[in-house]
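Examining the three-dimensional arrangement
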Amino acid sequence: MNYLADILPPLLQGSGVTLQVFLITLLLAVPLGLGLALIRISRFGFLSGLVNGYIWLMRGTPLMLQMLFIYFALPFIPVIGVRLPDFPSAILAFVLNYSAYFAEIFRAGIQSIDRGQYEGAQVLGLTYPQTMRRIVLPQVLKRILPPMSNETITLVKDTSLIYVLAMNDLLRAARGIVQRDFTTMPFVVAAAFYLLMTLVLTYGFQRLEKKYAVYDE
Amino acid sequence: MMNSPMIRAVDVHKRFGPVEVLKGVSLDVDKGEVLAVIGPSGSGKSTFLRCLIHLETIHRGSIEIEGESLVATDAQGHCKYVPEADICRVCRKMGMVFQHFNLFPHLTVLQNLIEAPLTVKTARLDDIVPKAEALLRKVGLFDKRDSYPSRLSGGQKQRVAIARALAMEPDIMLFDEPTSALDPELTGEVLNTMRALAEEHMTMIVVTHEMAFAREVAGRVVFMDGGSIVEARPARELFAAPAHPRTRAFLEKML
């Protein structure tokens with residue numbers, strides 16, 4: 001028990017980093033993903049194609065590679081080249097990567113809404129932005145809850161990738177102690193922490209699904 | 001302005017790809033008139049209705065609503081719509097009811113009615129709620145105002161859809177096969193609601209397969225076939241003595 005008390009502080013500290021990356025990514029990537037989805041389905045062919053290419057790039061290469069690229073290679077690119085510290089590098093990579101996945105979830109959700117909803121709104125005089133905001137997106141939200149729940153849970157665990165930038169997230173903190181003390185106990189504790197985080201998320205999403213279950217389609 | 005008909009469509013042409021679904025449809029609808037549009041499937045009657053409220057764009061011809069142009073074709077044959085803002089304003093004179101209701105499932109019945117007045121007309125909640133409730137009483141669904149559409153029967157849904165369209169206070173109501181998706185025993189309640197509306201002298205165009213409704217409620221009946229109007233005559237005349245053999249053949253099948 002004493003040993004547990006010893007290793008808890010560094011693991012909690014690691015959890016803090018993990019949660020920071022998770023929350024900031026979620027906060028930025030969800031709106032960005034929605035924006036990308038709206039451009040993707042818009043009638044502006046060029047922009048839509050650009051977003052399509054972006055999604056291909058972000059989903060088609062490993063997140064770890066993207067992170068390494070932003071941290072190590074970005075500084076050497078002319079004009080846009082900047083040297084970012086490790087934390088912003090990680091956040092940038094996560095936001096760019098996850099917004100691509102969120103964009104596809106939003107797109108699937110928006111395109112699953114019946115044409116009749118748009119027509120019903122149009123003949124009542126609603127503009128396209130009003131129709132999106134008041135009629136389509138609220139219904140989309142309900143439909144995309146299951147895939148969004150999937151994606152956010154994946155995000156919690158993906159945060160462990162930031163160890164490649166030598167940042168001390170939960171998993172790297174645990175591994176450090178394991179290597180120092182020759183015991184696998186910290187791994188068990190780390191697993192428990194991850195499970196706790198995903199439990200909170202699972203519960204939250206189930207609450208949301210229940211809230212939206214007041215209406216059927 | 002006073003003399004212009006509520007709706008004036010002249011030589012309306014519409015194509016879906018290479019298929020010409022409207023081959024020059026012209027029609028005037030007067031104030032307070034109840035017009036039934038009948039005809040076989042694929043005759044273009046729904047498409048024509050959808051063109052009037054800009055759910056479809058036309059390729060030639062012109063449409064005027066209460067004397068205001070929605071789209072016109074010049075002497076060179078260029079078909080041109082009025083600017084976007086004017087399209088919205090002109091189309092708002094009309095309400096529309098669909099075959100599949102198109103109610104908003106995430107909103108309650110009352111919310112379905114007040115959504116557009118609040119968003120489009122920026123009506124005040126205190127003003128619009130009593131109006132919406134009065135409309136729900138009129139269609140006999142006041143007690144359902146806090147239900148979600150999924151809890152309603154088809155007939156109830158369609159009555160809500162009618163009330164929702166009326167909440168925007170249109171001058172003209174368009175009905176696109178309003179009873180075609182309903183179980184036969186539920187069509188009566190919807191037709192009764194429409195009949196009540198007709199008795200208040202609402203200008204109505206009803207695309208329908210309900211011959212009894214067309215005969216009893218409509219002042220004039222338009223028979224369409226193959227993308228054209230074959231004949232448009234007072235209901236009594238058309239049903240008693242159809243002038244055209246195609247009309248006669250259609251009516252024989254339907255009655």
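Think of each chain on its own: its residues are numbered from 1, step by step along the sequence as written. The order in which chains are written sets their letters, starting at A; the order in which ligands are written sets their numbers, starting at 1. Two thresholds apply to this predicted model, a pLDDT of at least 70 for residue-level local features and 80 or more for giving and counting side-chain atom pairs, whereas whole-chain, interface and lining totals are computed over all residues.

1. Let's talk about the overall build of chain B
Going by this rule: Strands here mean DSSP runs of E at least two residues long; helices mean DSSP runs of H or I at least four residues long; both are numbered from the N terminus. For the radius of gyration, the atoms used are the C-alpha atoms, and the globule rule reads 2.2 Å times the number of residues raised to 0.38. Partly exposed residues are those whose C-beta has more than 12 but fewer than 20 other C-beta atoms within 10 Å; 20 or more makes a residue buried and 12 or fewer makes it exposed, with C-beta atoms placed from the backbone. Two residues qualify as a contact pair if the distance between their C-beta atoms, derived from the backbone, is within 7 Å.
Scanning chain B for helices and strands turns up nine helices and 11 strands. Compactness check: chain B gives a C-alpha radius of gyration of 18 Å against a globular reference of 18 Å for 255 residues, within 12% of the reference. For chain B, the spread of C-alpha atoms along the three principal axes comes to 50 × 45 × 35 Å. Counting over 255 residues, chain B shows a buried share of 47%. The contacts of chain B with a sequence gap of at least 6 include a subset with a gap of at least 24, amounting to 62%.

2. A word on the interface of chain B and chain A
In plain terms, the rule: Note on residue categories: nonpolar means Ala, Val, Leu, Ile, Met, Phe, Trp, Tyr, Cys or Pro, charged means Asp, Glu, Lys or Arg, and polar means any other residue, Gly included.
Each side of the interface is counted separately: chain B has 19 residues, and chain A has 18 residues. No other element matches the four residues that helix α3 (residues 109–120) of chain B contributes to the side of chain B that touches chain A. Across the side of chain B that touches chain A, the residue classes break down as 11 nonpolar, six polar and two charged.

3. Comments concerning the packing of α3(B) against helix α4 (residues 125–138) of chain B
All names here are of chain B. Stated precisely, the cut-off is as follows: Here the axes come from fitting lines to C-alpha atoms, over the contacting stretch only for helices, and the angles between their N-to-C directions go from 0 to 180 degrees. In what follows, roughly perpendicular refers to angles from 65 to 115 degrees, roughly parallel to angles under 35, roughly antiparallel to angles over 145, and oblique to any angle outside these ranges. In this scheme the handedness of a crossing depends on how the near helix is turned from the far one: anticlockwise by less than a right angle means left-handed, clockwise means right-handed.
Where α3 contacts α4, the axes come no closer than 10 Å and their chain directions differ by 130°. Considering their axes alone, α3 and α4 lie oblique with respect to each other. Judged by the twist between their axes, the crossing of α3 over α4 is right-handed. The residues of α4 that touch α3, namely those facing V109, L110, L113, I114, P117 and L118, are I128, V129, A132, L135 and L136. Looking at the contact of α3 with α4, its residues break down into 11 nonpolar, no polar and no charged.

4. Some details on the environment of M148(A)
Residues and elements named next belong to chain A. Note that M148 resides in helix α6 (residues 128–158). Residue M148 is classed as buried on the basis of its C-beta count, with 21 C-beta atoms lying within 10 Å. Each C-alpha atom of the pair M148 and E119 lies 28 Å from the other, and the pair is 29 residues apart in sequence.

5. Things to note about helix α7 (residues 170–181) of chain A
Residue and element names in this part refer to chain A. Going by this rule: To estimate the expected span of a helix, subtract one from its residue number and multiply by 1.5 Å. Each C-beta atom gives one direction from the helix axis, and the arc is the one those directions make.
For α7, which comprises 12 residues, the first-to-last C-alpha distance of 17 Å matches the rise-based estimate of 16 Å (1.5 Å per residue) to within 8%. Of the residues making up α7, those classed as buried are L170, L171, A173, A174 and I177. Around the axis of α7, the buried residues are gathered within 160° of arc, so they sit on the same side. Across from the buried face of α7, at angles greater than 90 degrees, the exposed residues are Q179 and R180. Next to the buried residues of α7 lie α1 (2–40) and α8 (185–212). Following α7 by one or two positions, F182 has its phi on the positive side, about 55°.

6. Side note on the nonpolar core
Heads up, the condition is: We define the nonpolar core as any set of buried residues of the types Ala, Val, Leu, Ile, Met, Phe, Trp, Tyr and Cys, connected via C-beta atoms lying within 7 Å of each other.
One finds L35(B), L52(B), L174(B) and V206(B) to be the most contacted residues of the largest nonpolar core, which totals 117 residues. The greatest single-element share of this core, amounting to 14 residues, is contributed by helix α4 (residues 86–111) of chain A. Setting aside chain neighbours within four positions, we find L174(B) in contact with L49(B), L52(B), I53(B), M94(B), M96(B) and I205(B). One finds A173(A), A174(A), I177(A) and A190(A) within the second-largest nonpolar core, a separate group that totals eight residues.

7. Observations concerning the packing of α3(B) against helix α5 (residues 154–166) of chain B
Residue and element names in this part refer to chain B. With their axes 8 Å apart at the nearest point, α3 and α5 run at an angle of 25° to one another. Classed by the angle they form, the pair α3 and α5 counts as roughly parallel. Like other packed secondary-structure pairs, α3 and α5 cross with a definite hand, here right-handed. Along its contact with α3, which presents V109, N112 and L113, the element α5 presents V160, A163 and R164. Looking at the contact of α3 with α5 residue by residue, the classes come out as four nonpolar, one polar and one charged.

8. Focus on the sheet that holds strand β1 (residues 7–16) of chain B
Residues and elements named next belong to chain B. Note the cut-off: Think of it this way: DSSP has to see at least two bridges between two strands before they count as a pair.
With antiparallel pairing, the five strands of this open sheet are ordered in space as β2-β1-β4-β5-β6. A strand with exactly one partner marks an edge of an open sheet, and here the two such strands are β2 (19–29) and β6 (79–81). For this sheet, the mean inter-axis angle between neighbouring strands, taken without regard to orientation, is 20°. Along the sheet face, helix α1 (residues 45–52) touches β1, β2 and β4 (60–65) and points at about 115° away from the line of β1.

9. A word on the confidence of the model for chain B
Low-pLDDT stretches of the model should not have their predicted coordinates read in fine detail. The test is simple: For every residue, the predictor reports its confidence as pLDDT, a number between 0 and 100.
The predicted model of chain B averages 93 in pLDDT, with 99% of residues at 70 or higher. Interface confidence for the predicted complex, given as ipTM, is 0.93, next to a pTM of 0.91.

10. Considerations on the sheet that holds strand β8 (residues 172–176) of chain B
All names here are of chain B. A sheet is described by the order of its strands in space; here six strands give the open sequence β7-β8-β9-β3-β10-β11, paired in mixed fashion. Two strands bound the open sheet, and with one partner strand each, they are β7 (94–97) and β11 (228–234). Between one strand axis and the next, the sheet turns through 15° on average, direction left out of account. Both strand β10 (residues 220–225) and β11 contribute to a ladder of six bridges, which runs antiparallel. Opposite D225, over in β11, you have S228 as the bridge partner. Sheet strands touched by helix α6 (residues 187–199): β3 (34–38), β8 and β9 (203–207). Its angle to β9, the strand with the most contacts, is close to 150°.

11. Description of unusual backbone geometry
Residues and elements named next belong to chain B. Backbone geometry places N102, a non-glycine residue, at a positive phi of 55°. By the secondary structure assignment, N102 is in the loop between β7 and α3. Positioned with a positive phi, T122 is a non-glycine residue whose angle comes to about 45°. Assignment of secondary structure puts T122 in the loop between α3 and α4.

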